[in-house]
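# Architecture at a glance
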Amino acid sequence: MVEIIKRGAEAILYLIFDKTFSKKVLVKERIKKGYRIPELDEEIRKSRTRREARLINEARRVGVAVPRIFSAVGYKIEMDFIKGQRLKELLNETNDVQRAQLANQIGEAVGVLHKNEIVHGDLTTSNMILKDNKVYFIDFGLGQFSKRVEDMGIDLAVLKQALSSTHFMYLNKIWENIIKGYKNTNTNANTILECLDKIERRGRYIKR
Amino acid sequence: MKVPHLNSGNTFGVGIVRDNGEILANTRSIYTPEKGGIVPREAVAHHSEKAKEIVEKSLQEAKLKLADIDLISFAAGPGLLPCLRIGAVIARTLALRLDKPIMAVNHMIGHVEIGKLTAGCKDAVVLYVSGGNSLVLTFTGGRYREFGSTQDIAIGNALDMFAREAGLKHPGGPKIEQLAKKGSWISLPYVVKGCDLSFSGIVTDAIKKLKTEKLEDICFSLQETCFSMLTEVVERAVAHTDKEEVLLTGGVAANKRLQEMLSIMCKERGAKFHVVPAEYSGDNGAMIAWTGLLAYKSGQRQKIEDTEINRFWRTDQVDVTWLK
């Protein structure tokens, strides 16, 4: 019995019952795309599956809350199903105190990821889930391992952009607390934030 | 009824459109550099030299006199500054001489609107691909917003750059498309960063491979790689916005393989695929005429002094008053 819980652009997510662990686990399967030639299609799906599993495992090793991975074979990753509240809704619904605390936690976690050369690639609040008072990060499908300050700057730019469209009412306060948390865990924060500033000023067709 | 001029790059075009969307004339003259890319100074010389002839030709085609024209529109950006300027000067002169209203139109929105008119769609995820732009646009909150775009060069530019290095004559896109039919797969870098794309690294690698691989194989793989990247971002936009239509517009829309990929993707997702007819895919006057007319009919008015050109004009800076 397969229970599909999400159809994304490149993967489907469904729950299966895993006998070894005697519990429901989440499967992320990258599906075939008819528009790509098979050679390219298989290359992309395999390498992205492998890379995503490695990123999640590494994030877990350095202490960021992420799903546990049980297996990553071919085009499928089997992992923990994180059941909690999405920050996309929670950040707007909660009170100022919790909002500040959540933002701080996001900042600290992203700081840790970047310190360990993990770039998430899609830092939106849809990809953050609160469970047992911890913010879990999911969907590393667009992530990469990188030492480059530029890539970390872009990661933050994506986050800020996402916040300004979904949480514009609280943007300043949230961002302030994220930066506070980020600086707490990342000694290179100032350099990366300078880079973020540059990235924001160089978009196409923006008045300088 | 209205005339417009378009010239933000190598094309000087004039179109005449009725307010029911009937296109009465669409004439143009394209400046083709003898070698290399567009030289703005030469493009301007070409445009000013051809302007009178093209305006007259369009009137003949529409069987109208200059005095029958009710509105003048022109492309005010984005584009090459000298080319935008010559178009603006000609449009303002005509508007003043005929004492008719004038509209400064965003070139990129022109491509979107002519696509919607001629391909017949309403609210699509738009892929606008040309020599100067590679954008995925969606209409939300009264504006055409950028869902994704290239971080460096445009797809058309990428194909042209490669074609030039491979010794193929301008325009390179159609020649690459022909050669690709006989090629087989070799691996090139595939660069999608979230919703954004990058083509410059792929071109560099493809040029490097000219020394070791067959030209047909590189052409094939270059198209497969770049078009798969574009299709992937469009698919992401469709999944994200839940829109049910996709529109392909701009000069590179003429490529059959790109059309095929998008059409397969749409079929797999249950969306409807539309492509702008070849006649209106490249830069043309009708698209500016039509977009100016839409803006005018929805109540927008401009004075001559408001029709400033803006070479960095983004789509999301334009209030789309003609759509709800």
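Residues numbered from 1 in each chain as written. Chains lettered and ligands numbered in written order. Predicted model: local features only at pLDDT ≥ 70, side-chain atom pairs only at ≥ 80, totals over all residues. Heavy atoms only, no water.

## Concerning the overall build of chain B
Let me state the cut-off plainly: Every helix listed is a DSSP run of H or I at least four residues long, and every strand listed is a run of E at least two residues long, numbered separately from the N terminus. C-alpha atoms define the radius of gyration in this analysis, and the globule rule sets the expected value at 2.2 Å times the number of residues to the power 0.38. Each residue is placed in one exposure class: buried if its accessible area under a 1.4 Å probe, protein chains only, is under 20% of its type's maximum, exposed if it is over 50%, and partly exposed if it falls in between. A 1.4 Å probe and the Shrake-Rupley method give the accessible areas. Residues count as covered only by the protein chains that appear here. Counted as positive: Lys and Arg. Counted as negative: Asp and Glu. His and the chain ends are not counted at all. One atom stands in for each charge, and that atom is NZ of Lys, CZ of Arg, CG of Asp or CD of Glu.
Each helix and strand counted, chain B has nine helices and twelve strands in total. Relative to its length of 324 residues, chain B is compact, with a C-alpha radius of gyration of 19 Å against a globular reference of 20 Å. Dimensions of chain B along its principal axes, counting C-alpha atoms only, are 60 × 45 × 30 Å. In chain B, which comprises 324 residues, the share counted as buried stands at 57%. Entry remark: accessible area of chain B is about 13,200 Å², with carbon and sulfur atoms responsible for 50%. On chain B, the mean spot of the 41 positive side-chain charges and the mean spot of the 38 negative ones are 2 Å from each other.

## Overview of the overall build of chain A
Threshold: Any pair of residues with heavy atoms lying within 4.5 Å of one another is described as a contacting pair.
Check the secondary structure of chain A and you find six helices and ten strands. Computed over its C-alpha atoms, the radius of gyration of chain A comes to 18 Å, within 12% of the 17 Å expected for a compact globule of 208 residues. Taken over the C-alpha atoms alone, chain A extends approximately 50 × 40 × 30 Å along its principal axes. By the burial criterion, 49% of the 208 residues in chain A qualify as buried. Partitioning the contacts of chain A with sequence separation of at least 6, the portion at a separation of at least 24 is 60%. Here chain A displays about 10,800 Å² of accessible surface, and carbon together with sulfur accounts for 49% of that area. Across chain A, the centroid of the 39 positively charged side chains sits 1 Å from that of the 27 negatively charged ones.

## A short note on the sheet that holds strand β8 (residues 143–149) of chain B
Residues and elements named next belong to chain B. Rules: Pairing between strands requires that DSSP locate at least two bridges from one strand to the other. Every angle, taken between N-to-C directions, lies between 0 and 180 degrees, and every axis is a line fitted to C-alpha atoms, over only the stretch in contact when it is a helix.
Taking strand neighbours across the sheet as the criterion, the five strands line up as β8-β7-β6-β11-β12 in an open arrangement whose pairing is mixed. Strand pairing shows two members of the sheet lacking a second neighbour, β8 and β12 (272–275), which therefore form its edges. Each neighbouring strand pair of the sheet contributes to a mean axis angle of 25°, computed without reference to strand direction. Alignment of strand β6 (residues 124–129) against strand β11 (residues 245–249), held across five bridges, turns out to be parallel. By the bridge assignment, V125 is partnered in β11 with V246. Along the sheet, helix α8 (residues 256–269) makes contact with β6, β11 and β12, crossing β12 at roughly 160°.

## Observations regarding the pattern of salt bridges
Any two side chains of opposite charge can pair, so long as their charged atoms come close to each other. Inclusion rule: Salt bridge, as applied in this entry: a Lys or Arg side-chain nitrogen positioned within 4 Å of an Asp or Glu carboxyl oxygen.
With the rule as written, the count across this model stands at 31 salt bridges over all chains. Each of the salt bridges in this network shares a partner with another, and the network as a whole consists of E10(A), K28(A), R30(A), R36(A), D41(A), R45(A), R48(A), E52(A), D139(A), E232(B) and R236(B).

## Observations regarding the side chain of H47(B)
All names here are of chain B. The cut-off we apply is this: Side-chain atoms alone can form a polar contact between residues adjacent in sequence; in general such a contact is a pair of N or O atoms within 3.5 Å, and within protein one must be able to donate a hydrogen while the other accepts it.
Here H47 is to be found in helix α1 (residues 40–62). For H47, a relative accessible area of 0% translates into the label buried. Here H46 takes part through its side chain, which lies 3.0 Å from a polar atom of the side chain of H47.

## Quick look at the packing of aromatic side chains
Two measures describe an aromatic ring pair: the distance that separates the ring centres and the angle between the ring planes. Residues and elements named next belong to chain A. Put simply, the test is: Only Phe, Tyr and Trp rings take part, Trp by its six-membered ring, and two of them pair if their centres are within 6.5 Å. Stacked means planes under 30 degrees apart, edge-to-face means over 60, and tilted covers everything else. Cation placement over rings: the criterion is NZ of Lys or CZ of Arg within 6 Å of the ring centroid and within 35° of the ring normal.
In the structure shown here, the tally under the stated rule is two aromatic pairs over all chains. Summarising the aromatic geometry, the rings of F21 and F70 are spaced 4.5 Å apart at their centres and angled 40° between planes, so their arrangement reads as tilted. One end of the pair, F21, is in the loop between β2 (11–18) and β3 (23–30); the other, F70, is in strand β4 (residues 69–73), with 49 residues separating them in the sequence. Given the relative accessible area of 41%, F21 is considered partly exposed. The aromatic ring of Y75 is capped on one face by R45, whose charged end is 3.7 Å from the ring centroid. The ring of Y136 carries K131 above its face, with NZ or CZ at 6.0 Å from the centroid.

## Remarks on the interface of chain A and chain B
Put simply, the test is: A simple way to read buried area is as the amount of 1.4 Å-probe accessible surface that goes missing from two parts once joined, with both sides added.
Across the boundary between the two partners, chain A contributes 20 residues, which contact 31 residues of chain B. When the two sides are added together, the surface that chain A and chain B hide from each other amounts to roughly 2,200 Å², 55% of it contributed by carbon and sulfur. The salt bridge partner of R36(A) is E232(B), with a shortest N-O separation of 4.0 Å. Among the elements that take part in the side of chain A that touches chain B, helix α1 (residues 38–61) of chain A stands out by supplying five residues, more than any other.

## A few points about the environment of T166(A)
Residue and element names in this part refer to chain A. For T166, the location among the structural elements is in helix α4 (residues 149–166). Here T166 falls in the partly exposed class, since its relative accessible area comes to 26%. Sequence separation between T166 and S71 is 95 residues; the distance between their C-alpha atoms is 34 Å. For T166, the residues in contact, after removing those within four places along its chain, are K88 and N92. At a separation of 3.0 Å, a polar atom in the side chain of T166 contacts the main-chain carbonyl oxygen of A162.

## Brief notes about the nonpolar core
Residue and element names in this part refer to chain B. What counts here: We call a set of buried residues a nonpolar core when its members are Ala, Val, Leu, Ile, Met, Phe, Trp, Tyr or Cys and they connect through side-chain atoms within 4.5 Å of each other.
I155, F199, F227, L230 and V234 are the most contacted members of the largest nonpolar core, which totals 107 residues. A per-element tally of this core places helix α7 (residues 215–241) first, with twelve residues. Leaving out residues up to four positions away in the same chain, I155 has contacts with V129, S130, S134, F199, C226, F227, L230 and V252.

## Here's the deal with the domain arrangement of chain B
Residues and elements named next belong to chain B. This is how it is decided: Just so you know, the domain bounds were taken from an automatic or database domain assignment.
Considered domain by domain, chain B is made up of domain 1 (3–111 + 281–317) and domain 2 (122–278). If you average the C-alpha positions of domain 1 and of domain 2, the two centres end up 26 Å apart. The interface of domain 1 with domain 2 comprises 15 residues on the first partner and 18 residues on the second. Together, the buried faces of domain 1 and domain 2 total about 1,300 Å²; carbon and sulfur atoms form 54% of this surface. The largest share of the area that domain 1 buries against domain 2 comes from M108, H111 and S281, three residues that together contribute 42% of it.

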